[in-house]
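Spelled out from the first residue to the last, the chains are:
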Amino acid sequence: MGSISDALKRAEQERRRMHAGEVQGVAPPTQPLPAPPAAPAESPRLASVVLKAAEKPKPTPTTPLTAAIQQTPQVAPAAKRQQEIAETIVEDYASKQRLNLPAGVAVYHDRTGRIAEQYRKTRQRLLEANPQREPQALVFTASAPGEGATTSVLNLGLSLVEQRGLRVLLIDADLHAAGLSRLLRMRDGLGLSELLLGEVDQAALTSAVRATPWHNLYVLPAGGTSPPQGSAELLKLPAARALLRQARGMFNWVLIDTPPAGKYPDAGVLGAFSDGMVLTVSLRHTGRELVHKTLRRLEAMSLPLRGCLLTHAGE
Amino acid sequence: MTAAISTIHISPEVAEPRQEHRWHRALQRHWLVLLTLLSLVSSGLLLAGTALPRRYGVGATFALTARDGADEGAELLGTAGAALVAELRTALRAGGSPLADRVEIQVSTREQGRHVTLTASTPERDRTLALLHETVLRYTRARNAQTDDLLTALRNAAARALTLASAERRAAGDALDTFRIAHPELTGEAPAARLEKLSATAEERQRRLGIVNELISRLEQHKARMRGERPAAPKPGPAAVPLDPEVMQLKAQLALLNEQIDEQLNQLRRTEQHPYVVDLRVRQEGLQRKLAAATARAAAGKPPPEDVKPVPAEKDSGTTMALQALELQLAQAYAERDSLEPEIQRLKVEREALRKQAEALAPAQQQFARLEARQRQAVQAHEAARARYERLENAYSAARPLEISAPVFSGQDARPLAPTFAGISAGALSVGLLCGLAGVYLAERLGRGYRSPREFHASTNAPVLGVVSAIHTPAQHQLRRAWRQIGRPLAVLALLALLAGSAALGYAGLGRTGGETIRGMKGSMHGQHL
């Protein structure tokens, strides 16, 4: 138990420093950190715990560790605080486990693996290309489904939040498949579609953004409402531009997962508001003609192509 | 919104790989495709090769040994063998497979005698050996029959030819003798030859007459010149010693002859080769010899011959003697001319008579020449017919003792002549390799995606933000690992085993049947005296 207590202490200290903006080398966002919806707790992580508890009314499976904590009667305030932190860590672990992420999320499943390192290299290139540390909104798209855009968005988000002080928002703008929401089990509740249909302000964004079991990683799910006029028309609304502006004020990196550009125009619509586009290309599976066609389309729309992320290499 | 992020250019300049590198990389990537197609296609062709129509070949050799005069018998066997081949081919054509069955007979001469080699090839192994067996039997049977029949026929023909040649020779001789009796003038020297000789003699006499006439004219001129000269007064001195008259005459003749020669050479500009000069030189040599003999005789104190006139004791005795010599020589020349002219006239008459006689005998001579040529041809034909008859007589007596040894069979293993396993293997492997390379090319050519980030960049010129390997689940990882460590080696082994097995089956399939049959027939043929 001694090592667990030490770990809890270090985690608490780190969280306090982050809240106080003590992290050096990272520009704090201009907007205050969004408070997670229905999160009475002080920290986002605790808020996520509450959020998870609210979303999933089923009792969390008790582990021996949590059972031991819960059975501790009449603890002192400091000890109570430590106990809450411990519960939070345990709950985070359990939440991640409950997500049952696929093996493709290599940054989570195999942190020291080759693929996680490749995502970190990509992350490093993105950071090096942004020496001013300005908030960035990047649109991730692909030529065809199945090229790994959603998985890459999640992996890049996870690798970005490994950097201290970076707050990352993942927006599931694929209103057709909602792959990212499905991946993180956030199909229910408010999301992007509801947000765009209403008035977008900080409060609305804060109410729609959801925390994840990973620190500083937030998700704006696709939402449950089907747009009557089509997803592209919905994304063309001024609310989308306002949403991205709000998101840039609250987060350091905004990664937007969009449907395939060769199939839907959504990526092009959002790319016009973003800081750049990243085209995910499956090396072996995507046809050359399709890639060329997508690139020509992006070029014709004068969209800022930041680069291509080549997946499925080395098969 | 700010766009402060600079455009990312990560990939360096990429050049398209060269053609040989493309093939190298393609083979590295798709070697299993190559091996698979190679194994499958080659195996199929190896197995299919066993179904190709085959040709089996068997050879047999037996010796024909002879005691004496084997050469003539062997010569006949060559003729008999050729006739037998034609007969066998006719028989085989009647058997129903004239194109597929082939039998060849070759007769060669070795030190031990004649060797007959038979080679048979058919699409069926058993049929091949049976065909060869039948061929050997029929050959030996036909050889014996043909040796007797053919030799007898040839000998009879030669005898008939010899009889005809003898009759012709006799007829030619009789005709020639009859003609000789009828034309006895043709038996001696031919008139034409005599005419030719007579003409040559007449020409020689005519030439001599010309020389004598010229000599006479010169001598007459010399004589006239000598008579016109005055002799010089002799100087006072001791009394002249009486000289030998023959020596004196000869010296005078020689001096006269020397003057004539000098005149011919210096005044008339004649050469030594002129006939008159040659004649003078001959006379000069004769006089010199006579002078030497007379001088020797006078030195010995012997008297001169009686026909020599004594030298007159006059002051101009030298000139007189010279004149005497000249007159003597002139008299001889006149005498020779007088004898030549009638002879020439006689020769002309005789030549004219001979010419007429030759013209009258020309047809008879031509017929006589034809009869002589006919007789010569008849003699030569008779000699040739007699030589052939004698040779055939010898062959008839020498061909009978020929013996045939037991045939030795060769090339009777179970492998067909065609197709061979090496040929099928080479063809199958070549086609398999070509198919494999074609498969690699198609796999490389028809691949939809990109093979590498470099190729992607070279193709699109788009910046590459990052490269992520294929993500697999643990189960997929295990499956891929199992494929790499177990499945792929096993697949390679299976393909190689398939190839080797097909080769083994193909090899065995080419010689699967008939081996025992051939061995059994070999045992039945071995040691059989034909």
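Residues numbered from 1 in each chain as written. Chains lettered and ligands numbered in written order. Predicted model: local features only at pLDDT ≥ 70, side-chain atom pairs only at ≥ 80, totals over all residues. Heavy atoms only, no water.

Draft legend 1. Representation of the overall build of chain B within the structure. For chain B, the count of helices and strands is 12 helices and six strands. For chain B, the proportion of its 530 residues judged to be buried stands at 34%. Counting only contacts in chain B whose residues sit at least 6 apart along the sequence, the fraction spanning at least 24 positions is 84%. Per element, the accessible surface of chain B, about 31200 Å² overall, is 57% carbon and sulfur. (Helix = DSSP H or I, 4+ residues; strand = E, 2+ residues; numbered from the N terminus. Buried < 20%, exposed > 50% of the residue type's maximum accessible area, 1.4 Å probe, protein only. Contact = heavy atoms within 4.5 Å. Areas by Shrake-Rupley, 256 points an atom, 1.4 Å probe, with all protein chains shown as cover.)

Draft legend 2. Looking closely at the sheet that holds strand β2 (residues 168–172) of chain A. Sheet architecture is open: eight strands sit in the order β3(A)-β4(A)-β2(A)-β5(A)-β1(A)-β6(A)-β7(A)-β6(B), paired in mixed fashion. What marks the edges here is a single partner per strand, and that holds for β3 (210–211) of chain A together with β6 (464–469) of chain B. As paired strands, strand β1 (residues 136–142) of chain A and strand β5 (residues 253–257) of chain A are joined by five bridges and run parallel to one another. Note that in β5(A) the partner of Phe140(A) across the bridge is Asp257(A). The strands that helix α6 (residues 114–128) of chain A touches are β1, β5 and β7 (305–313) of chain A together with β6 of chain B; relative to β6(B), the one it contacts most, it runs at about 170°. (Pairing = 2+ DSSP bridges. Axes fitted to C-alpha atoms, helices over the stretch in contact; angles between N-to-C directions.)

Draft legend 3. Main features of the confidence of the model for chain A. For chain A, the average pLDDT comes to 77, and 74% of its residues sit at 70 or higher. Within the model, pLDDT remains below 50 along residues 18–73 of chain A, and this stretch shows 82 contacts once partners closer than five positions in the same chain are excluded. (pLDDT = per-residue confidence, 0-100.)

Draft legend 4. Up close: the side chain of Ser143(A). Residues and elements named next belong to chain A. Topologically, Ser143 is positioned in the loop between β1 and α7 (149–161). Side-chain polar atoms of Ser143 contact the side chain of Thr294, separated by 3.1 Å. Setting aside chain neighbours within four positions, we find Ser143 in contact with Pro260, Gly262, Lys263, Leu279, Thr280, Thr286, Leu290, Val291 and Thr294. (Polar contact = N/O pair within 3.5 Å; in protein donor to acceptor, adjacent residues only side chain to side chain.)

Draft legend 5. Local environment of unusual backbone geometry. All names here are of chain A. One non-glycine residue, Arg133, lies in positive phi territory at about 60°. If you trace the backbone, Arg133 turns up in the loop between α6 and β1. Look at Arg133 and you get partly exposed, because its relative accessible area is 40%. One non-glycine residue, Ser302, lies in the positive phi region at around 55°. Its place among the elements puts Ser302 in the loop between α14 (288–300) and β7.

Draft legend 6. Geometry of the pairing of strand β4 (residues 217–220) of chain A. Residue and element names in this part refer to chain A. Judged by which residues are buried, β4 turns out to be covered on both faces: Leu217 and Val219 on one side and Tyr218 and Leu220 on the other are all buried. Alignment of β2 against β4, held across four bridges, turns out to be parallel. In the sheet register, Val168 faces β4, and the bridge partner there is Leu217. Here β3 runs beside β4; their pairing, made up of two bridges, is antiparallel. Among the inter-strand pairings, Ala211 is bridged to a residue of β4, identified as Tyr218.

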